[in-house]
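# Residue-level structural notes
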Amino acid sequence: MTLTAATRLAAVVGRPIRHSLSPVLHNAWLEAAGLDGAYVALSVSEGRFGAFVDALRGGSLTGVNVTLPFKTEALAAADIASERALAAGAANLLLFDPDGQVRADNTDGEGLLYAFARQAPDFRPDHGPLVIFGAGGAARGAAAAFLAAGCPEVRIVNRTRSRAEDLASLFGQKVRVGEPGDRSLLEDAAALVNASSAGLAEGAPPPQDLGSAPARAVAMDMTYRPLRTAFLAAAEGRGLRTVDGLDMLIGQAIPSFEAFFGQPPPAGADVRGRVLRILGEAT
Ligand code: NDP
């Protein structure tokens, strides 16, 4: 890759950020497309995110992806926000216009639906209720994306009930709170999404016994380190179709790439295979 004075530069911003796989995805696409661009990872100190965004006003970077713990601050720092960023209450994408304006978007929900489309192609969000384990930012984004795509009901199951109730109160009657361990919640579910970060811990058990889920249900885990989580293993053991978090990561990166570099990622670049090799997983 040759960098020139005309290189378009984008980044992912978070803290910690060294584990991020986003530079691998975007730089593989840039290389395959032969574009004069680069994508780096940046860490920002606590309390400095607003100052960081202000310093980039005017477009020295075309934009940034934003990850933990700055997604809510990113939405607040922007001048304009897309409807889906407002619905998710968070932004994972900031774009810096030449006139100094900052635009916020959220492509995580699109990434989630992309992952379902890739790994469970005949699934549609309007097939039935969605059960979400977790009530953080990712759960909120998932609820917003599924409701916008026609899902009839979302059930939030979370360790801290008050947090689930806060989330449900943002959406109205189609979102309700379920009790952890309540088997009846799963009985007519079309999809189960694990949006809890508990699975990041090695050997963490699945959030709930999946024995009452119907055989047609699709189970998805947002965690991709490890890729085959205990939740997905339990779903497979129950005979359910599964969707992993890596395709969600790729799915949120696709519209980000287009926004940064002015064209969609090139077809045929095997970014999933590249990331799987880094994760030490078979391709
Ligand atoms: P948050 O920190 O906002 O929320 C974490 C959630 O996990 C909370 O509901 C929390 O429950 C729950 N949780 C954490 N530890 C435990 C535990 N030991 N037992 C039970 N519940 C627990 O994180 P996000 O919502 O932003 O992200 C959630 C996960 O999704 C992360 O693993 C993240 O990496 C992943 N993610 C993946 C993406 C992808 O592209 N694949 C995109 C976005 C997120 P409580 O409220 O009780 O604390």
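In short, a report on the structure. (Residues numbered from 1 in each chain as written. Predicted model: local features only at pLDDT ≥ 70, side-chain atom pairs only at ≥ 80, totals over all residues. Heavy atoms only, no water.)

Surveying the vicinity of the ligand reveals 22 residues, the closest of which are Ala135, Ala138, Asn158, Arg159 and Thr160. At 2.9 Å from an oxygen atom of the ligand is found a side-chain nitrogen or oxygen belonging to Arg159. Gly245 places a main-chain nitrogen or oxygen 3.0 Å from a nitrogen atom of the ligand. Where the shell around the ligand is concerned, the elements lending two or more residues are α6 (137-148) and α9 (245-261). If one sorts the elements of the shell around the ligand by residue count, α9 sits on top with 3 residues. (Near = heavy atom within 4 Å. Polar contact = N/O pair within 3.5 Å; in protein donor to acceptor, adjacent residues only side chain to side chain. Helix = DSSP H or I, 4+ residues; strand = E, 2+ residues; numbered from the N terminus.)

Okay, the layout of surface pockets next. The computed volume of the second largest pocket comes to approximately 180 Å³. Lining the second largest pocket we find Glu83, Arg84, Ala87, Ala88, Asn106, Gly109, Glu110, Leu113, Gly141, Ala144, Ala145 and Ala148. Counting only elements with at least two residues in the lining of the second largest pocket, the list comes to α4 (83-88), α5 (108-119) and α6. When grouped by side-chain class, the residues that make up the lining of the second largest pocket number 6 nonpolar, 3 polar and 3 charged. (1 Å grid on protein atoms, 1.4 Å probe; cavity = no way out; pocket = protein on both sides within 12 Å on 5 of 7 lines; lining within 4 Å. Points joined across faces, edges and corners; volume = space filled by probe spheres on them. Nonpolar A, V, L, I, M, F, W, Y, C, P; charged D, E, K, R; others polar.)

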